[in-house]
Amino acid sequence: MTDPNEDEQPRLREPDLPRTAKVRPKALRTGYTTGACSAAAAKAAAELMRTGRLPETVQVLFPDGSRHSFPVDSGSRDPATAVVVKDAGDDPDVTHGARMTATVTGRDDAEVVLHGGEGVGVVTKPGLGLEVGGPAINPVPRKMITESVREVIGDAGADVTISVPGGEKMAYKTTNRRLGIYGGISILGTTGIVRPFSTASWRSSVEQAVSVLAAQGGRTAVLSTGGRTEKAAMRLLPDLPEVAFIEVGDFTGAALRRAVEHGLSDVVFVGMIGKLTKLASGVVMTHYTRSKVDTGILGRITAEFGGTPEQVDEVQRAATARRAYEVWEANGSLRGCGDRLCAMVASVLERFSAECGRRLPARVAMVDFTGEHVVASTEAGWVTCQSR
């Protein structure tokens, strides 16, 4: 929904890493992906199968041509099995410390065939680029595992089973079930390296979620920024399938771009005032360290809906968007100001999708800080809580 009253169109921005960054007093430590650790475990198991000895370390070839050494934690014979413990570095990864386990047995043909064991998810829906019914081992890890085993066995054949004890429990902290992956984690990684506090995996999961929605015939993507806003969106649109609801975090732009690519018909965005304010100013990558809330926008909206000069000044000088919400609620203008903000966000989302190739109609809802009530929206019938 475009806003005919909007005089100034904000410049759309989707910043990547800033050109200059603050120098950290201590460098954060990188780690390794589940895919890289699985490849290391598979290579160790292959050596155990071939030589009868478990190596203390193995080297794995990474997609960029570099080689990295991995300590082998443990192993056993009959069948040849090896364990590499995942080290995610300083990244807050749910799979940090996972015991990536590989079992390798010989085959009569010359194929290297990958299987998923305990704790590795099974793909149940199309749209992931993986075989339905097969293990959730992504293409780059598949290649790394296969190449690592080939370095040991040459042209011989092998069955390789990747297992992750406790992986099914870990998966509940991921988006796997929403993507139709059940029974465990996905074996992931495009570079083999986990960057500390990297957002690449989240961006990838967002794009993957949109692809899964499209593959199942979905037409509307419902985007939210977190758990509370996603639950609010589900209550708001109960007739849509679960796969339509996508927790985008800061990657609204990535979700919109993929929605355009897959030919979706429209988008819905549900959020709280902070993220909505960033979006209204044209920032579609809203990580808190890379974008700031433009309280000037909120001040102008406050003035537009009858705020006093003192209230406008207070909102403009506020450190957070929450203060604007409190001012609006106190003076009875929450609905009007919030609706205006939602309309501005819808305009930005539509213009961004148009720049990606096709304009997607957008609807927007703002929820309160409990996530329980819709307090403003582009759609009058969505509001569930009136301001005092």
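Residues numbered from 1 in each chain as written. Predicted model: local features only at pLDDT ≥ 70, side-chain atom pairs only at ≥ 80, totals over all residues. Heavy atoms only, no water.

## A closer look at the side chain of T378
With respect to the secondary-structure elements, T378 resides in the segment after β18 (374-377). Within the structure, the side chain of T378 is placed 3.0 Å from the side chain of E379, a separation counted as a polar contact. (Helix = DSSP H or I, 4+ residues; strand = E, 2+ residues; numbered from the N terminus. Polar contact = N/O pair within 3.5 Å; in protein donor to acceptor, adjacent residues only side chain to side chain.)

## What about the sheet that holds β18?
Ordered in space as β15-β14-β16-β17-β18, the five strands form an open sheet in which the pairing is mixed. Unpaired on one side and paired on the other, β15 (245-247) and β18 mark the two borders of the sheet. The sheet shows a mean angle of 25 degrees between the axes of neighbouring strands, direction not considered. In this structure, strand β14 (residues 220-224) lies alongside strand β16 (residues 266-271), joined through five bridges in parallel fashion. (Pairing = 2+ DSSP bridges. Axes fitted to C-alpha atoms, helices over the stretch in contact; angles between N-to-C directions.)

## With respect to unusual backbone geometry
In this structure, the amide linkage connecting D78 to the following residue, P79, adopts the cis form with an omega of 0 degrees. Relative to the elements of secondary structure, P79 occurs in the loop between β4 (74-76) and β5 (80-85). The phi dihedral of D78 is positive, around 55 degrees, even though this residue is not glycine. Residue placement: D78 occurs in the loop between β4 and β5.

## Re the pairing of β16
A large share of β16 lies buried, amounting to six of its six residues. Across the two faces of β16 the burial is the same, with D266, V268 and V270 and V267, F269 and G271 all buried. Note that β16 and strand β17 (residues 362-367) share five bridges and pair parallel. When the sheet's bridge partners are listed, V270 is paired in β17 with A365. (Buried < 20%, exposed > 50% of the residue type's maximum accessible area, 1.4 Å probe, protein only.)

## Some remarks on the nonpolar core
In terms of nonpolar packing, the biggest core is built from 69 residues, with I246, I273 and M366 touching the most fellow members. Looking at which element gives the most residues to this core, the answer is helix α11 (residues 334-355), with ten residues. Ignoring sequence-local partners within four residues, the contact set of I246 consists of V206, A209, V210, L213, A221, V222, L223, S224 and E230. Among the nonpolar cores identified, the runner-up in size contains 38 residues, and A44, F62, V149 and I162 belong to it. (Core = buried A, V, L, I, M, F, W, Y, C linked by side-chain atoms within 4.5 Å. Contact = heavy atoms within 4.5 Å.)

## Brief notes about the packing of helix α8 (residues 295-304) against α11
It is the contact of α8 with α11, at a shortest axis distance of 9 Å, that shows an interaxial angle of 130 degrees. As summarised for this structure, α8 and α11 are arranged oblique, according to the angle between their axes. The two elements α8 and α11 cross, and the hand of that crossing is right-handed. In this structure, α8 contributes I297, L298, I301, T302 and E304 to the contact, and α11 contributes C337, R340, L341 and M344. (Parallel < 35°, antiparallel > 145°, perpendicular 65-115°, else oblique. Left-handed = near helix turned anticlockwise from the far one by under 90°.)

## Quick word on the pairing of strand β3 (residues 67-71)
Here β3 shows one buried face, formed by H68 and F70, and one open face, formed by R67, S69 and P71. Bridge count between strand β2 (residues 57-61) and β3: five bridges; the pairing is antiparallel. Each bridged residue has a counterpart across the sheet, and for V58 the counterpart in β3 is F70. Counting the residues that bridge the hairpin from β2 to β3 gives five residues, and of these G65 lies at a positive phi of roughly 95 degrees.

## With respect to the confidence of the model for the protein chain
Taken as a whole, the protein chain shows an average pLDDT of 87; of its residues, 87% reach a score of 70 or greater. Every residue in residues 1-8 scores below 50 in pLDDT, and together they form 19 contacts with partners more than four places removed in sequence or on other chains. Ignoring residues within four places in sequence, the model shows residues 15-26, a span with pLDDT below 50, making five contacts including any to other chains. (pLDDT = per-residue confidence, 0-100.)

## Looking at helix α1 (residues 34-51)
Spacing of three or four residues puts side chains on the same side of an α-helix, whose turn is 3.6 residues. Over its 18 residues, α1 runs 26 Å from end to end, which matches the ideal 26 Å to within 8%, given 1.5 Å per residue. Within α1, 14 of the 18 residues are buried, which leaves it mostly tucked inside the rest of the structure. (Expected span 1.5 Å × (residues − 1).)

## So, the sheet that holds β4
What the five strands build is an open sheet, ordered β4-β5-β6-β10-β7; its pairing is mixed. Each end of this open sheet is capped by a strand with a single partner; those strands are β4 and β7 (112-116). Between one strand axis and the next, the sheet turns through 20 degrees on average, direction left out of account.

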